[in-house]
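Working through the structure, step by step
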Amino acid sequence: RFPQAMGPSAAYGSAIHVTLQRAHQHLSATGKRRPIEDVLGDFETELKRHQLSDDQTEHYLHRGVTTLNAFLDARYDSFDPEQIVERSFASDAVAINNEAVITGAIDLIDIDEENKTITVTDYKTGKPVRNWQGKTDYEKIKLHHYRQQLMVYKLLIEGSREFAGYTVNKGIIEFVEPTPSNTIERLELEF
């Protein structure tokens, strides 16, 4: 567990996540959407924090700008100041059957106060898929892990003190990367 630099792909994914988190936080703090050119500037700054070669930086910068432009064009209107962003459960001591302590951080939480329900969203920077079936064995395993991840998020929220009395009714995998036809895909899992 000795600390080491992230690989290029992980650095890219991390930079995308931090950039989206900042865009959400800006909206929550100011009530206004951060201009897209500022969001893209945040991405460039965050990507350059990682120790990538000049070629890797150029490649992932181009990819990230293209990706973020497509994603924000399709989803920026869905950002809401009431959403909870990057909520960590590290200090919540959520236990399953008073035995197994679980933890994690959820990218996005939407709360419906009227119905006491919650929807969790996890951003993914990998290749988007259109449904939960998967085409290859590798994709089927990856999708199975995505389902498990959303279910752990349900357990985290419903087991936490802060969200006592709420039910997580839906989990969403939101692909940030556009498809070749430039659409943004999302997979929804009803609990």
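First, a word on scope: everything that follows refers to the structure included in this document. (Residues numbered from 1 in each chain as written. Predicted model: local features only at pLDDT ≥ 70, side-chain atom pairs only at ≥ 80, totals over all residues. Heavy atoms only, no water.)

Enumeration over the complete set of coordinates arrives at 14 salt bridges. The salt bridge involving Arg22 is made with Glu46; its shortest N-O contact spans 3.4 Å. With a gap of 24 residues between them, Arg22 in helix H1 (residues 8-30) and Glu46 in helix H2 (residues 36-48) connect regions that are remote in the sequence. Residue class for Arg22 comes out partly exposed when judged on its relative accessible area of 34%. The class for Glu46 is buried, based on a relative accessible area of 3%. Between Lys48 and Glu44 there is a salt bridge; the shortest N-O distance is 2.8 Å. Of this pair, Lys48 and Glu44 both sit in helix H2, separated by 4 residues, roughly a single helical turn. A cluster of three or more residues bridged by salt bridges with shared partners is formed by Arg22, Glu46 and Arg49. (Salt bridge = Lys/Arg side-chain N within 4 Å of Asp/Glu carboxyl O. Helix = DSSP H or I, 4+ residues; strand = E, 2+ residues; numbered from the N terminus. Buried < 20%, exposed > 50% of the residue type's maximum accessible area, 1.4 Å probe, protein only.)

The end-to-end C-alpha distance of helix H4 (residues 137-159) is 33 Å, a good match for the 33 Å that 23 residues give at a rise of 1.5 Å each. For H4, every residue scored as buried is listed here: Glu139, Lys142, Leu143, Tyr146, Leu150, Tyr153, Lys154, Leu156 and Ile157. Contact partners of the buried residues in H4: strand E2 (94-96), strand E3 (100-102), strand E4 (105-112), strand E5 (117-124), strand E6 (167-175) and strand E7 (186-190). (Expected span 1.5 Å × (residues − 1). Contact = heavy atoms within 4.5 Å.)

Between H2 and helix H3 (residues 54-75), the least distance of the axes is 10 Å, while the angle of their chain directions is 150°. Taken together, H2 and H3 sit at an angle that is classed as roughly antiparallel. H3 is crossed by H2, and the crossing has right-handed handedness. Contacts from Ile36, Val39, Leu40, Phe43, Glu44, Leu47 and Lys48 of H2 reach H3 at Thr57, Tyr60, Leu61, Gly64, Val65, Leu68, Asn69 and Leu72. Its residues placed into classes, the contact of H2 with H3 shows 10 nonpolar, 3 polar and 2 charged. (Axes fitted to C-alpha atoms, helices over the stretch in contact; angles between N-to-C directions. Parallel < 35°, antiparallel > 145°, perpendicular 65-115°, else oblique. Left-handed = near helix turned anticlockwise from the far one by under 90°. Nonpolar A, V, L, I, M, F, W, Y, C, P; charged D, E, K, R; others polar.)

Moving on, we come to the nonpolar core. Counting residues in each nonpolar core, the largest one holds 25 residues, and the members touching the most others are Leu20, Phe43, Phe71 and Phe79. Those elements that place two or more of their residues in this core are H1, H2 and H3. When residues in this core are grouped by element, the largest group, 7 residues, is from H1. (Core = buried A, V, L, I, M, F, W, Y, C linked by side-chain atoms within 4.5 Å.)

Take the packing of H1 against H3 next. At a minimum axis separation of 11 Å, H1 and H3 run at an interaxial angle of 35°. Seen from above, H1 lies across H3 with right-handed handedness. Two secondary-structure elements touch here, H1 through Pro8, Ser9, Tyr12, Ile16, Thr19 and Leu20 and H3 through Gln56, Tyr60, Arg63, Gly64, Thr67, Leu68, Phe71 and Leu72. Within the contact of H1 with H3, the residues separate by chemical class into 8 nonpolar, 5 polar and 1 charged.

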